[in-house]
Amino acid sequence: MNVVTFGTFDIPHVGHIKILNRAKALGDRLIVGVSSDELNFAKKGRSPIYTQEERMFMINSIKGVNEVFLEESLELKREYLIKHQADILVMGDDWKGKFDEFSDICQVVYLPRTPSISTTSVIEIVKTN
Ligand code: C2G
(Lines give C-alpha, C1' and ligand atoms only; values in the text may rest on other atoms or scores of the structure.)
Protein backbone atom coordinates (compact mmCIF):
# COMPACT_ATOMS: atom_id res chain seq x y z
CA MET A 1 0.00 0.00 0.00
CA ASN A 2 1.34 3.41 -1.01
CA VAL A 3 0.77 6.29 1.37
CA VAL A 4 1.19 9.82 0.03
CA THR A 5 1.33 12.99 2.12
CA PHE A 6 2.19 16.63 1.46
CA GLY A 7 3.74 19.45 3.41
CA THR A 8 6.21 22.28 3.58
CA PHE A 9 8.23 20.84 6.47
CA ASP A 10 10.10 24.09 6.99
CA ILE A 11 12.22 23.69 10.12
CA PRO A 12 11.21 20.04 10.58
CA HIS A 13 9.88 19.45 14.12
CA VAL A 14 8.34 16.74 16.27
CA GLY A 15 4.84 17.33 14.82
CA HIS A 16 6.17 16.61 11.33
CA ILE A 17 8.02 13.46 12.40
CA LYS A 18 4.95 12.17 14.25
CA ILE A 19 2.61 12.60 11.29
CA LEU A 20 5.14 10.94 8.96
CA ASN A 21 5.48 8.00 11.37
CA ARG A 22 1.72 7.64 11.66
CA ALA A 23 1.30 7.92 7.89
CA LYS A 24 3.92 5.23 7.31
CA ALA A 25 2.16 2.90 9.75
CA LEU A 26 -0.92 2.95 7.50
CA GLY A 27 0.90 1.32 4.57
CA ASP A 28 4.19 -0.01 3.18
CA ARG A 29 5.66 2.86 1.18
CA LEU A 30 5.60 6.48 2.30
CA ILE A 31 5.90 9.08 -0.47
CA VAL A 32 6.09 12.74 0.54
CA GLY A 33 5.31 15.77 -1.62
CA VAL A 34 7.41 18.67 -0.34
CA SER A 35 6.00 22.03 -1.38
CA SER A 36 8.23 24.19 -3.53
CA ASP A 37 9.67 27.55 -2.47
CA GLU A 38 7.51 29.25 -5.07
CA LEU A 39 4.31 27.55 -3.90
CA ASN A 40 5.17 28.58 -0.36
CA PHE A 41 5.69 32.15 -1.30
CA ALA A 42 2.32 32.16 -3.06
CA LYS A 43 0.60 30.50 -0.06
CA LYS A 44 2.24 32.30 2.84
CA GLY A 45 3.74 35.45 1.38
CA ARG A 46 7.23 34.59 2.59
CA SER A 47 10.01 32.30 1.51
CA PRO A 48 10.64 29.27 3.67
CA ILE A 49 13.66 29.34 6.00
CA TYR A 50 15.08 26.26 4.28
CA THR A 51 15.19 25.85 0.51
CA GLN A 52 13.16 23.17 -1.23
CA GLU A 53 16.36 21.18 -1.84
CA GLU A 54 17.26 21.31 1.86
CA ARG A 55 13.71 20.40 2.94
CA MET A 56 13.54 17.51 0.47
CA PHE A 57 16.94 16.29 1.66
CA MET A 58 15.88 16.40 5.33
CA ILE A 59 12.52 14.68 4.77
CA ASN A 60 14.11 12.04 2.57
CA SER A 61 16.60 11.29 5.37
CA ILE A 62 13.84 10.40 7.84
CA LYS A 63 13.48 6.71 8.59
CA GLY A 64 10.25 5.49 7.07
CA VAL A 65 10.21 7.91 4.15
CA ASN A 66 10.72 5.98 0.91
CA GLU A 67 10.54 8.77 -1.64
CA VAL A 68 10.10 12.53 -1.90
CA PHE A 69 8.96 14.70 -4.78
CA LEU A 70 8.45 18.41 -5.30
CA GLU A 71 4.89 19.71 -4.94
CA GLU A 72 4.77 22.65 -7.33
CA SER A 73 1.07 23.41 -7.33
CA LEU A 74 -1.90 22.77 -5.06
CA GLU A 75 -3.98 22.21 -8.19
CA LEU A 76 -1.92 19.20 -9.27
CA LYS A 77 -2.82 17.03 -6.30
CA ARG A 78 -4.88 14.57 -8.32
CA GLU A 79 -2.04 14.16 -10.87
CA TYR A 80 0.49 13.60 -8.08
CA LEU A 81 -1.73 10.99 -6.41
CA ILE A 82 -2.17 9.11 -9.68
CA LYS A 83 1.51 9.36 -10.64
CA HIS A 84 2.64 7.99 -7.29
CA GLN A 85 -0.09 5.34 -7.24
CA ALA A 86 -1.49 6.48 -3.90
CA ASP A 87 -3.70 4.04 -2.04
CA ILE A 88 -4.01 6.44 0.88
CA LEU A 89 -3.67 10.24 1.13
CA VAL A 90 -2.75 11.41 4.62
CA MET A 91 -3.01 15.01 5.82
CA GLY A 92 -3.12 16.69 9.21
CA ASP A 93 -6.59 17.60 10.43
CA ASP A 94 -5.92 21.29 9.81
CA TRP A 95 -6.81 20.24 6.24
CA LYS A 96 -9.93 18.29 7.29
CA GLY A 97 -12.45 18.02 4.45
CA LYS A 98 -10.23 19.88 1.99
CA PHE A 99 -9.14 16.79 0.04
CA ASP A 100 -12.32 14.69 0.18
CA GLU A 101 -12.70 15.08 -3.59
CA PHE A 102 -9.87 12.56 -4.05
CA SER A 103 -11.72 9.77 -2.28
CA ASP A 104 -12.71 8.45 -5.73
CA ILE A 105 -9.07 7.41 -6.36
CA CYS A 106 -7.70 6.72 -2.86
CA GLN A 107 -8.60 6.61 0.79
CA VAL A 108 -8.35 10.07 2.37
CA VAL A 109 -7.24 10.12 6.01
CA TYR A 110 -6.86 13.19 8.25
CA LEU A 111 -4.69 12.62 11.31
CA PRO A 112 -4.79 14.84 14.40
CA ARG A 113 -2.04 17.46 14.53
CA THR A 114 0.45 17.39 17.38
CA PRO A 115 -0.62 20.20 19.73
CA SER A 116 1.51 23.24 20.66
CA ILE A 117 4.18 23.03 17.99
CA SER A 118 4.49 24.75 14.66
CA THR A 119 7.18 26.30 12.48
CA THR A 120 5.77 29.72 13.42
CA SER A 121 6.10 29.00 17.15
CA VAL A 122 9.69 27.78 16.67
CA ILE A 123 10.53 31.01 14.80
CA GLU A 124 8.97 33.07 17.63
CA ILE A 125 10.95 31.20 20.31
CA VAL A 126 14.21 31.69 18.42
CA LYS A 127 13.44 35.39 17.87
CA THR A 128 12.71 36.11 21.53
CA ASN A 129 15.72 34.28 22.95
N1 C2G B 1 1.54 18.86 11.34
C2 C2G B 1 1.18 18.15 12.49
N3 C2G B 1 1.37 18.71 13.73
C4 C2G B 1 1.89 19.96 13.85
C5 C2G B 1 2.28 20.68 12.71
C6 C2G B 1 2.08 20.11 11.44
O7 C2G B 1 0.68 17.01 12.41
N8 C2G B 1 2.02 20.47 15.08
C9 C2G B 1 1.31 18.26 10.02
C10 C2G B 1 0.38 19.11 9.14
O11 C2G B 1 -0.97 18.87 9.49
C12 C2G B 1 0.74 18.61 7.76
C13 C2G B 1 2.23 18.24 7.90
O14 C2G B 1 2.51 18.18 9.31
O15 C2G B 1 -0.02 17.44 7.42
C16 C2G B 1 3.11 19.28 7.25
O17 C2G B 1 2.83 20.52 7.84
P18 C2G B 1 3.25 21.88 7.12
O19 C2G B 1 4.69 21.85 6.83
O20 C2G B 1 2.69 23.01 7.92
O21 C2G B 1 2.52 21.73 5.73
P22 C2G B 1 1.56 22.75 5.03
O23 C2G B 1 2.22 24.09 4.90
O24 C2G B 1 0.23 22.65 5.67
O25 C2G B 1 1.55 22.18 3.53
O26 C2G B 1 -0.58 20.56 -0.28
C27 C2G B 1 -0.62 20.79 1.06
C28 C2G B 1 0.54 21.54 1.58
O29 C2G B 1 1.73 21.25 0.92
C30 C2G B 1 0.63 21.30 3.07
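The structure this text deals with has already been given above.
Right, let's walk through the structure included here. (Residues numbered from 1 in each chain as written. Predicted model: local features only at pLDDT ≥ 70, side-chain atom pairs only at ≥ 80, totals over all residues. Heavy atoms only, no water.)

Some points on the overall build of the chain
Filter applied, for reference: A run of DSSP states H or I qualifies as a helix once it reaches four residues; a run of E qualifies as a strand once it reaches two. Both are numbered from the N-terminal end. Any residue under 20% of the maximum accessible area for its type is buried, any over 50% is exposed, and the rest in between are partly exposed; the area is computed with a 1.4 Å probe on protein chains only. When checking whether two residues touch, look at their non-hydrogen atoms; a contact exists if any pair is within 4.5 Å. For every accessible area listed, the method is Shrake-Rupley and the probe measures 1.4 Å; residues are considered covered only by the protein chains on display.
Tallying secondary structure elements over the chain gives 5 helices and 5 strands in all. For the chain, the α and β elements follow one another from N to C terminus as β-α-β-α-α-β-α-β-β-α. Along the first, second and third principal axes, the C-alpha atoms of the chain reach 45 × 30 × 25 Å. Across the 129 residues that make up the chain, the buried fraction comes to 43%. Taking all contacts inside the chain whose residues are at least 6 apart in sequence as the whole, residues at least 24 apart take part in 61%. Entry remark: accessible area of the chain is about 7200 Å², with carbon and sulfur atoms responsible for 55%.

Notes on the site of the ligand
Under the convention used in this document: By convention in these notes, a residue is near a molecule or strand provided one of its non-hydrogen atoms lies within 4 Å of it. The term polar contact refers here to a pair of N or O atoms within 3.5 Å; inside protein, the definition further demands a hydrogen-donor-capable atom paired with an acceptor-capable atom, and it admits residues adjacent in sequence only when both atoms are side-chain atoms. Gly is placed with the polar residues, together with every amino acid not listed as nonpolar (Ala, Val, Leu, Ile, Met, Phe, Trp, Tyr, Cys and Pro) or charged (Asp, Glu, Lys and Arg).
Among the 21 residues in the neighbourhood of the ligand, the closest are listed as Glu71, Lys77, Asp94, Thr114 and Ile117. At a separation of 3.0 Å, an oxygen atom of the ligand approaches a polar side-chain atom of tryptophan 95. Contact with the protein chains hides 95% of the accessible area of the ligand, taken as 640 Å² for the molecule alone. Going through the elements one at a time, β1 (2–7), α1 (14–24), α2 (37–44) and β4 (88–92) are the ones with two or more residues in the shell around the ligand. The element that contributes the greatest number of residues to the shell around the ligand is α1, accounting for 3 residues. Residue composition of the shell around the ligand, by class: 7 nonpolar, 8 polar and 6 charged.

Brief notes about the sheet that holds strand β2 (residues 29–35)
To keep things clear, this is the line we draw: Strands are labelled as partners when DSSP assigns at least two bridges between them. Only the stretch in contact is used when fitting a helix axis, every axis being a line fitted to C-alpha atoms; angles between N-to-C directions are given from 0 to 180 degrees.
Pairing within the open sheet is parallel, and its 5 strands lie in the order β3-β2-β1-β4-β5. The open sheet has two edge strands, β3 (67–71) and β5 (107–111), and neither has a second partner. Mean inter-strand twist for the sheet, computed between neighbouring axes without regard to direction, equals 25°. Two elements, β2 and β3, share 5 bridges in a ladder whose sense is parallel. Bridge pairing in β3 links valine 32 to valine 68. Contacting β2 and β3, helix α3 (residues 52–60) crosses the sheet at an angle of about 155° to β3.

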